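Structural overview
Each chain, written out:
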Amino acid sequence: MHELPQQLANGLILGSMYGLIAIGYTMVYGIVQLINFAHGEIFMTGGFGALTTWLALPDGTSIWLALPLMLVGGVLTAVLIAMAAERFAYRPLRGAPRLAPLITAIGLSIALQQAVWSWYPNAKDARTFPQIPGGPISLTSSLSIQRADLFLLVAAPLSMVVLGTFVRKTRTGRAMQATAQDPDTAKLMGINTDRIIVVAFALGAAFAAVAAVAHGLRYGQVDYQMGFIAGLKAFTAAVLGGIGNIYGAMLGGLVLGVAEALATAYISDVPGMHQLGGGSWADVWAFVLLIVVLLVRPQGLLGERVADRA
Amino acid sequence: MRHRSLLVLSATVATGALTLSACGSRGSDNKSDGDSSGTVVTIGVDAPISGDLSALGLGIKNSVDLAVKQANAQKIVPGVTFKIKALDDQAQPSSGQQNATQLVADKSVLGVVGPLNSGVAQSMQKVFDDAHLVEVSPANTNPTLTQGENFASGQKVRPFKSYFRTATTDAIQGPFGAQYAYNDAKKTKVFLVDDKQTYGVGLVAAFKGEFTKLGGKVVGEDHVNTKQKDFSSVVTKIKSSGADIVYYGGQYPEAGPLSGQLKKAGAKIPVMGGDGMKDDKYIQLANGLADGDLTTSVGAPVETLDSAKKFVTDYKAAGYSDPYAAYGGYSYDSAMAIVQAVKAVVADNNGKLPDDARAKVVDAMGKVSFDGVTGKVSFDEYGDATNKQLTVYVVKGSSWAVAKTGTFAG
């Protein structure tokens, strides 16, 4: 069992990334009851936005100097694309049957992938992403953390705190809560719900872009398809945690990440399960977990409101 | 509750749709060269022209294009003009099967070069064989494609007589790699990883057999998925297993990041693999941490062969935007083998194409023998290349250097 601390750390790091992306799904769902399946691609464009910023900087710029700028570049790109998507792809369909915006989301997801594939220079293969130099940091003999992951370990909790404070303390945040509870009444109370919806899309995109930069730093590459699997996992995390609940999204992400890591490491050691373990089965076990949780708690781990709303 | 079921339904539909969209075909790329006087014979190409493996696929397509242009310019087959029809399989067996049907339907197609992936080849072989259309792969290395399911136990049965390849098989490549790892690199403890694809699983099994026979130990095994990005769990297992080498059966889009993440986590052991890993993109994807990683690849290095120098010069002169990659020379030879087979068929029929040209080309292919880019090109009774040379490459800086060239002795 001497791998356990390391596998837990792997899971938490991976889960933080899922959680950051999942916030976008859950916020949009909480307010407009739309599963924005293009969110994975918004995440991807955030990665390319950050890469573009890096390429625009002069050669030899220190990564520490470049990282904040890349974050700004990535967040800006993702937010602008998400806002445009909301304005031109989703708003015209507001009030339409729910399947219509869902199909639009799938179409948008394919369109964004193909747009990056065909127009971003050399994006037909994976593009390499700048790296934080230096080896792993050993905490104990059996636990070491890579430098790139420190970014995620700081960014994920920080984002959660910022988001939580924003939703609870600011006017816009409270307006978001009101809109989520009852859009019609919120409108009657003078809340500009259209603006609130845009804010929800923009916030989700911003967190996705942070996750995309973390993804680039961690895996050293971004590619036009990276949003597909990451998006699917994050959606799973959002449902697992209770869709509509921002803390649920992060918790769902962490649970999913840890479950994947542990399934890879330990399932094959269970007697008789040798065939069902290993890295390639991680996704299967993650979804088994999702099904079990939904059977026992249909609203997800932290979902309370969903039962009567969705 | 109506909305809840809608949520579940929409999630299911969307997941399915996204999965489908991920493997949808992305158009085909047709090119025709030369004038249309006389008979036009099309050489089909099936390779991953887009997607993760496009670096290898475009190399195949361009090399065939070059062969066709030269065959036309030199009038190798009098009265016949060759053209190329390249289809994209995105490394997906389902797309490969569709492309095969499409190529069979085009009556002017007398031979197909491709595919890159052994798994894709499995989905195409029967379609081509039913139509007696010859298929020459420059890159498939899985032994079962030519020698049947039970090749390992010595019962070699050729499943499809229209299938040929210019590449060497994993039954030779795997053991050749194992001998290098054990005898030359002095590695004794291996951790095996494969991507569950036909190619990767077969290669790892072949490596494992020879490595353990030599006295090496397998300290762990794991499997990954294609398109996987996060290998942290596998890396942790490799580190704690005490392995001194990792053998990876699969392609560079996963192998590169795996190597990079392994080195980043502090494991100073090389990753070794087969020809699917040997691309410059591998070194990039490992973020410059691939130094010392090894691959075996089929044939002698194209750059060092005298016969290949002309190919390299011509390829550069033709101005293709992508490099010829790992299989360029083999693709050129595959296309030329089809040209030679067509030539033999036409010569047997008083200078004209017979009505059952496809079946005749299949028969002629078995007897083809000429000096190609990669050496002598001819096929044995299973459709395998008679040229069984292999090379071990090692990453030095940002490129692959030759570590050893040889012929597998068994």
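Residues numbered from 1 in each chain as written. Chains lettered and ligands numbered in written order. Predicted model: local features only at pLDDT ≥ 70, side-chain atom pairs only at ≥ 80, totals over all residues.

1. With respect to the overall build of chain A
Along chain A, the regular secondary structure elements total 12 helices and 4 strands. At 20 Å, chain A has a C-alpha radius of gyration in line with the 19 Å of a compact globule built from 310 residues. Dimensions of chain A, computed from C-alpha atoms along their principal axes, come out at roughly 60 × 55 × 35 Å. Classification of the 310 residues of chain A by burial places 53% in the buried group. A fraction of 75% describes how many contacts in chain A between residues 6 or more apart in sequence connect residues 24 or more apart. (Helix = DSSP H or I, 4+ residues; strand = E, 2+ residues; numbered from the N terminus. Rg over C-alpha atoms; globule rule 2.2 N^0.38 Å. Buried ≥ 20, exposed ≤ 12 C-beta atoms within 10 Å, placed from the backbone. Contact = placed C-beta atoms within 7 Å.)

2. Things to note about the overall build of chain B
Counting its secondary structure elements, chain B contains 13 helices and 15 strands. The C-alpha radius of gyration of chain B comes to 22 Å, within 12% of the 22 Å expected for a compact globule of 410 residues. For the C-alpha atoms alone, the extent of chain B along its principal axes is close to 70 × 65 × 45 Å. Within the span of chain B, comprising 410 residues, buried residues form 59% of the whole. The long-range fraction of contacts in chain B, counting pairs at least 24 apart against all pairs at least 6 apart in sequence, stands at 75%.

3. Here's the deal with the domain arrangement of chain B
Residues and elements named next belong to chain B. With domains assigned, chain B is organised as domain 1 (29-168 + 303-379) and domain 2 (170-298 + 391-407). On the side of domain 2, 17 residues touch domain 1, which itself brings 16 residues to the contact. Put simply, the parts of the chain that give the side of domain 1 that touches domain 2 at least two residues each are α2 (54-73) and α4 (118-130). In terms of residue count, the dominant contributor to the side of domain 1 that touches domain 2 is α4 (3 residues). A per-class count over the side of domain 1 that touches domain 2 returns 8 nonpolar, 7 polar and 1 charged. (Domains from an automatic or database assignment. Nonpolar A, V, L, I, M, F, W, Y, C, P; charged D, E, K, R; others polar.)

4. Side note on the sheet that holds strand β9 (residues 245-249) of chain B
Residues and elements named next belong to chain B. If you trace the 7 strands from one edge of the open sheet to the other, you get β8-β7-β9-β10-β11-β14-β15, paired in mixed fashion. The sheet is open, and its two edges are formed by β8 (217-223) and β15 (399-407), each paired on a single side. Pairs of neighbouring strands in the sheet enclose a mean axial angle of 25°, with direction left out of account. Pairing geometry for β9 and strand β10 (residues 271-273), over 3 bridges, is parallel. When the bridges of β10 are listed, Tyr 248 appears paired with Gly 273. (Pairing = 2+ DSSP bridges. Axes fitted to C-alpha atoms, helices over the stretch in contact; angles between N-to-C directions.)

5. Here's the deal with helix α10 (residues 246-266) of chain A
One turn of an α-helix holds 3.6 residues; hence residues three or four places apart share an orientation. Compared with the 30 Å implied by 1.5 Å per residue over 21 residues, the 30 Å span of α10(A) between its first and last C-alpha is a close match. The element α10(A) is largely enclosed, with a buried count of 18 among its 21 residues. (Expected span 1.5 Å × (residues − 1).)

6. Some points on the environment of Pro68(A)
Residues and elements named next belong to chain A. Counting through the fold element by element, Pro 68 comes out in helix α3 (residues 63-90). Judged by the 10 C-beta atoms lying within 10 Å of it, Pro 68 is exposed. The spatial distance from the C-alpha of Pro 68 to the C-alpha of Ala 50 is 9.7 Å, given a sequence separation of 18 residues.

7. Quick word on unusual backbone geometry
Residues and elements named next belong to chain B. Residue Pro 115 is bonded to the preceding Gly 114 through a cis peptide linkage, with omega at -5°. With respect to the element layout, Pro 115 can be found in the loop between β4 (109-113) and α4. In this structure, Lys 196 is a non-glycine residue whose phi angle is positive, near 65°. Tracing the backbone through its elements, the reader meets Lys 196 in the loop between β7 (189-194) and α7 (198-214). When the 16 C-beta atoms within 10 Å are taken as the criterion, Lys 196 is described as partly exposed. For Lys 227, which is not glycine, the phi torsion reads 70° and is therefore positive.

8. Examining the nonpolar core
Core analysis: the biggest nonpolar cluster contains 218 residues, and Ala208(A), Val246(B) and Val342(B) have the highest contact counts within it. Looking at which element gives the most residues to this core, the answer is helix α8 (residues 193-219) of chain A, with 17 residues. No fewer than three residues from each of domain 1 (29-168 + 303-379) and domain 2 (170-298 + 391-407) of chain B sit in this core. If near-sequence neighbours (up to four positions away) are discounted, Val246(B) is found in contact with Phe191(B), Val193(B), Ile238(B), Leu262(B), Ile269(B), Val271(B) and Met272(B). (Core = buried A, V, L, I, M, F, W, Y, C linked by C-beta atoms within 7 Å.)

9. A closer look at helix α1 (residues 4-32) of chain A
Residue and element names in this part refer to chain A. End to end, α1 covers 41 Å across 29 residues, agreeing with the expected 42 Å (1.5 Å per residue, within 8%). The principal kink in α1, of about 30°, is found at Ala 22. Burial runs high along α1: 25 of the 29 residues are buried. In the segment just after α1, Gln 33 is the residue with positive phi, at about 55°. (Bend = angle between axes of the 7 residues up to and from the residue.)

10. Things to note about the interface of chain B and chain A
Counting residues at the interface gives 40 residues for chain B and 39 residues for chain A. For the side of chain B that touches chain A, the element with the most residues is helix α1 (residues 2-23) of chain B, which contributes 12 residues. Among the residues making up the side of chain B that touches chain A, the classes are represented as 14 nonpolar, 16 polar and 10 charged.

11. A word on the pairing of strand β5 (residues 134-137) of chain B
Residue and element names in this part refer to chain B. Here β5 shows a buried face lined by Val 134 and Val 136 and a second buried face lined by Glu 135 and Ser 137. Here β4 runs beside β5; their pairing, made up of 3 bridges, is parallel. In the strand pairing of β5, Val 112 is matched with Glu 135. Tracing the backbone out of β4, into α4 and back to the parallel element β5 gives a crossover that is right-handed. Where β5 and strand β6 (residues 163-165) come together, 3 bridges link them in parallel fashion. Bridge pairing links Ser 137 to Arg 165 in β6. (Right-handed = clockwise from strand over helix to strand, strands pointing away.)

12. What about the pairing of β9(B)?
Residue and element names in this part refer to chain B. With 5 of its 5 residues buried, β9 lies for the most part within the structure. Taking every second residue as pointing to the same face, both faces of β9 are buried, with Ile 245, Tyr 247 and Gly 249 on one and Val 246 and Tyr 248 on the other. Bridge count for β7 against β9 is 5 bridges, and the pairing is parallel. Pairing of Asp 194 across the sheet is with Gly 249, part of β9. Between β9 and its parallel partner β10, the chain crosses via helix α9 (residues 252-264), and the hand of that crossover is right-handed.

13. Comments concerning the packing of helix α2 (residues 39-56) of chain A against α8(A)
All names here are of chain A. Contact pair α2 / α8: the axes reach a minimum separation of 7 Å and the direction vectors enclose 60°. Relative to α8, the element α2 lies oblique. Of the two possible hands of crossing, α2 and α8 adopt the one that is right-handed. Counted together, His 39, Ile 42, Phe 43, Met 44, Gly 46, Gly 47, Gly 49, Ala 50 and Leu 51 of α2 and Gly 204, Ala 205, Ala 208, Ala 209, Ala 211, Ala 212, Val 213, His 215 and Gly 216 of α8 form the full contact between these two elements. (Parallel < 35°, antiparallel > 145°, perpendicular 65-115°, else oblique. Left-handed = near helix turned anticlockwise from the far one by under 90°.)

14. Side note on the packing of helix α6 (residues 170-184) of chain B against α7(B)
Residue and element names in this part refer to chain B. The interhelical angle for the contact between α6 and α7, taken along N-to-C directions, is 45°, at an axis separation of 7 Å. With respect to α7, the axis of α6 lies oblique. Both α6 and α7 take part in a crossing whose hand is right-handed. Touching Asp 170, Ala 171, Gln 173, Gly 174, Pro 175, Gly 177, Ala 178, Gln 179, Ala 181 and Tyr 182 of α6 are Gly 202, Leu 203, Ala 206, Phe 207, Glu 210, Phe 211 and Leu 214, all from α7. Split by residue class, the contact of α6 with α7 holds 10 nonpolar, 5 polar and 2 charged.

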